[in-house]
Amino acid sequence: MMRRRVLLSIVAILVTGGVLISQTMDRQDIAWKMLKELVLIPGVSGYEKEVAEFVRSRLPGEVEPQMDDMHNLWFTVGKGRPHLVFVAHTDELGFVVEEITPEGTLKVSNRGGFLPQMYEGHAVQIHAKIGMVAGIVMPRSGYSRSDTELSPYTTKDVSVYLGVSNREEAAAMGVSVGDSITVRKKIVEFSPDLLSTRAVDDRAGCAALLEAAHRVDWKRIGNKTVTFAWDVQEETGLFGASRLAQKLDADYVFPVDTFVSSAGPFDSKRFAHLPLGKGAVFRAIDSSNIAPRVELAKAIAIAKANKIPFQLGNTRGGNDGSVFVPHGAVNIPLSWPGTYSHSFIEKIHRSDLEALTDLIAALVRDWK
Amino acid sequence: MKKRLFFLAIGVMILLFFSPVMGEELSLLKLTQALFPVPSPVGYEEPLAGFITEFLPSKTKILRDNLGSLYWRSGNKSSELAFCTPMDEPGYFVSGIDPEGYLRLDKAVYGSSLIDSYHLGHPMFVWTEGGPVEGVLALPSLHILSPEVRRELQEDPGLHLAYLDIGAYSEEEAHKKGVRMLDAVTPWREITGLDGGKMAGHSLGMKCCVAVALSLAQGVPKSNSPGPLFVWMAQTRFPVRRSRPRSALGALRAAEEIEAQVVIVVDVYPCQEGEKTKIVVGSGPVLVDGQGGMTKAGEKIEKISRSKGLPLQLAPDHSSSVLNPFLKKDREVIGLLLPVRFAQTPSEIVDVNDMEALHAVLTALLQEGRI
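Just so it is clear, the model here is predicted, and its values are computed rather than measured.

Q: Outline the overall build of chain B, listing residues and values.
A: From N to C terminus, chain B includes ten helices and 17 strands. Per-residue burial for chain B yields a buried fraction of 60% across its 371 residues. Taking as baseline every contact in chain B between residues at least 6 positions apart, the subset at least 24 positions apart corresponds to 75%.

Listed below in structure tokens is the structure:
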């Protein structure tokens, strides 16, 4: 009788363990798949509603999301201290229609910083109220002559051709001033583990945070408060984060965003030379923040204890967490190494995204 | 021999990819859409030649010259009439593999470096023996971009800045992906539909012209009497050294090969912004009479267009390296050209109505018989 009980117990443990392992395994690729869906959703800064709605629709049922009028999305679990805030931004780079010329072409302004020449001669998508309209960013005059003297191509030089010849025809297509514009996106999959596309910054952060929301057991976060937020208008000046920083009384903020790696062929290897595929990144120092060493050490200890591959480095650029710091929060940015930042071919490795997702879940669970 | 096998292999891969539509007579637009993704950079036209061959009604009378041009006629011998169409496009090849796995690119035909720079930061395909390999042309990360590199990108762009990233971290890994020196490289492409029947894409004009000629060939009735000759010319973007007037290599070779008394060149007409002649996309094909005055063939084209209400634009002074080699004594040479805007860019624009008018006037010309 005793032996039978022992045997039954062993079987039960094996089955339960197997189920748990298989559930974890089942979720291994979800952030990666989610990323591939998220990057294709248009969400130029100030036009993030569709991305936010997508994220809201994929949240676990047990959390209670809120969305403000800017389309910042967040949920909070727990009541104690400390209050940890994890934040990723939903917006992406792009243009907004400023003028429809008498010839029916579009003049634009940029949302965020990038090289406008990337768009020259390429197809774009105008996100009009009636739906998507295709356009071409016209090549500059004299483009085909080899003796053309080149000057910097700026946003003022951008003209979008719709195939029409006057303003009325453009308006009849449903295009209007204020519509957002993105490049036509293409995901290049070098292998099952490596891809390049537009808007990896910061849809990868959004995907990691969303998947971590499913991996966390929200009943077992201890005596602390945790907020997951997907904020807006990071690329144009951290506006969404500024709103959240005022609203959420954070003790710690963990912005989840790109670590701009210098692993590309053009980049100086003097700093930021973290390779792809070697783990998540603690973005310890950037242009907007220096993570306090003692607090950083706590985070690193949690990564080590959970056997999560990670890297440590410094790079350029700012992060959403920086606007929480004046309100008293400690800012510890979490990242993945990415090359070709702010281009159409931002590159990311699946294992880094996976490590980042695990790191977020571990910090929620183990941070004291 | 090895090179020939390689091209055949690529051709077979393309054919397998498009096998569901092979052998059918597709509408002109569908034919263009099917042809559009087939790579055909100058000197690497074999996949497109293979594709055309599969769509021709009979394979028995297909001839090739040693540049890769393709010759087909319907009758037992050629009639007085020949249609000649370029089938090559701008493109690149692998000129080196860095120790870090990046591919370096070059091109055989000199041209605007600004056009080359349009591909920086965009997806590309390497056409290897084992199939297409996807990659991206690297750009510097904006946040850590040095002023020197920024200046170079803006003021001196070109192939010296092209690092093709195929996701390999070493030369060995690049080789494992099947990449070899001199493999053809083309931009990733997709047709963009614009308002008013216009569409845009990389080398779309050339593909439209190939489709028009192919569709015409498909429509020629089977007969034992002499039929028109169709030539799809390779290497027309490659110039003959020191040629005066300027001549394209593939066109010069074709001009030597054929005996037709009337040659109609079906090619693109690159519209220049602000050009004096005011040739525009959307106002019909462009008639170019290669001999200064109007030839009988040119007159007939005009007459057909008028009688059928088809739009036609005239550019009597237009000269091109593809037309020039055909100009010979005792031969009528005209160009019936498809106007394109933003030629050679990733978004070459054509008007479907122009393409259909081009097809309609040539169909009517064939139906009327002798010129």
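Q: Give a detailed account of the sheet that holds strand 10 (residues 192-193) of chain B, specifying residues and quantitative values.
A: Residues and elements named next belong to chain B. Ordered in space as 10-11-17, the three strands form an open sheet in which the pairing is antiparallel. The open sheet has two edge strands, strand 10 and strand 17 (348-351), and neither has a second partner. Bridge count for strand 10 against strand 11 (residues 198-201) is two bridges, and the pairing is antiparallel. If you follow T192 over to strand 11, its bridge partner there is A200. Together, strand 11 and strand 17 form the strand contacts of helix 7 (residues 204-219), whose direction differs from that of strand 17 by roughly 40°. Strands in contact with helix 10 (residues 352-368) are strand 11 and strand 17; relative to strand 17, the strand with the most contacts, it is inclined by about 60°.

Q: Describe the pattern of salt bridges, with residues and values.
A: Residues and elements named next belong to chain A. Inspection of every chain in the model, using the stated rule, returns 30 salt bridges over all chains. Between E92 and R198 there is a salt bridge, and its shortest N-O distance comes to 3.9 Å. Residue E92 is found in the loop between strand 3 (83-89) and strand 4 (94-100), and its partner R198 is found in the loop between strand 11 (194-197) and helix 5 (200-215); the two are separated by 106 residues along the sequence. Each member of the pair, E92 as well as R198, is classed as buried. The shortest N-O distance in the salt bridge between D366 and R365 comes to 3.3 Å. Given a relative accessible area of 42%, R365 falls into the partly exposed group.

Q: Which residues make up the side chain of Q313 of chain B, and what values go with them?
A: Residue and element names in this part refer to chain B. The residue Q313 is located in strand 15 (residues 313-314) in this model. By relative accessible area, which is 9% here, Q313 ends up buried. Within the structure, Q313 has its side chain in polar contact with the backbone oxygen of V280 (distance 2.8 Å). Engagement of the side chain of Q313 in a polar contact is seen with the backbone oxygen of G284, the distance being 2.8 Å. Ignoring anything within four residues of it in the chain, the contact list for Q313 reads K278, I279, V280, S283, G284, P285, V286, L287 and P339.

Q: Talk me through unusual backbone geometry; I want residue IDs and the actual numbers.
A: Cis rather than trans, the peptide bond between D201 of chain A and D202 of chain A has omega equal to 10°. The residue D202 of chain A is located in helix 5 in this model.

Q: Tell me what's going on with the interface of chain A and chain B, and back it up with residues and numbers.
A: Chain A puts 57 residues into the contact, and the matching count from chain B is 52 residues. Of the roughly 4800 Å² buried at the junction of chain A and chain B (both faces included), carbon and sulfur atoms supply 63%. There are three salt bridges connecting chain A and chain B. One salt bridge connects R184 of chain A with E190 of chain B, and the closest N-O pair in it is separated by 3.6 Å. Mapped onto the side of chain A that touches chain B, the elements with two or more residues apiece are strand 7 (131-137), strand 10 (188-191), strand 11 and strand 20 (346-349) of chain A. Along the lines of polarity and charge, the residues of the side of chain A that touches chain B split into 28 nonpolar, 20 polar and nine charged.

Q: Tell me about helix 2 (residues 28-35) of chain B, residues and numbers included.
A: Residues and elements named next belong to chain B. Every buried residue of helix 2 is listed here: L28, L31, T32, A34 and L35. Looking straight down helix 2, one finds that the buried residues subtend no more than 165° of arc, so they occupy a single side. Packing partners of the buried residues in helix 2 comprise helix 3 (46-55), strand 11, helix 7 and helix 10.

Q: Mind laying out the environment of L229 of chain B, listing which residues take part and the relevant values?
A: Residues and elements named next belong to chain B. Checked against the element boundaries, L229 lands in strand 12 (residues 227-233). By relative accessible area, L229 is classed as buried at 10%. Each C-alpha atom, one on L229 and one on Y169, is 50 Å from the other, the two residues being 60 residues apart in sequence.

Q: Before we move on, can you summarise the packing of helix 2 of chain B against helix 10 of chain B with the specific residues and values?
A: All names here are of chain B. Interaxial distance between helix 2 and helix 10 falls to 11 Å at its minimum, and their mutual angle equals 110°. The angle between helix 2 and helix 10 falls in the class roughly perpendicular. Taken as a pair, helix 2 and helix 10 cross one another with a handedness that is right-handed. Facing helix 2, whose interface residues are L28, L29 and T32, helix 10 presents V352, M355, E356 and H359. The residue makeup of the contact of helix 2 with helix 10, split by class, is four nonpolar, two polar and one charged.

Q: Lay out the environment of T154 of chain A in plain terms, naming residues and giving numbers.
A: Residue and element names in this part refer to chain A. Structurally, the position occupied by T154 is in the loop between strand 7 and strand 8 (159-161). The class for T154 is partly exposed, based on a relative accessible area of 36%. Along the primary structure T154 and N223 are separated by 69 residues, whereas in three dimensions their C-alpha atoms are 52 Å apart.

The rules behind the values
- Residues numbered from 1 in each chain as written.
- Chains lettered and ligands numbered in written order.
- Predicted model: local features only at pLDDT ≥ 70, side-chain atom pairs only at ≥ 80, totals over all residues.
- Heavy atoms only, no water.
- Helix = DSSP H or I, 4+ residues; strand = E, 2+ residues; numbered from the N terminus.
- Buried < 20%, exposed > 50% of the residue type's maximum accessible area, 1.4 Å probe, protein only.
- Contact = heavy atoms within 4.5 Å.
- Pairing = 2+ DSSP bridges.
- Axes fitted to C-alpha atoms, helices over the stretch in contact; angles between N-to-C directions.
- Salt bridge = Lys/Arg side-chain N within 4 Å of Asp/Glu carboxyl O.
- Polar contact = N/O pair within 3.5 Å; in protein donor to acceptor, adjacent residues only side chain to side chain.
- Buried area = accessible area lost by both parts, 1.4 Å probe.
- Nonpolar A, V, L, I, M, F, W, Y, C, P; charged D, E, K, R; others polar.
- Arc of directions from axis to C-beta.
- Parallel < 35°, antiparallel > 145°, perpendicular 65-115°, else oblique.
- Left-handed = near helix turned anticlockwise from the far one by under 90°.

Read these as spatial facts, not as claims about activity.
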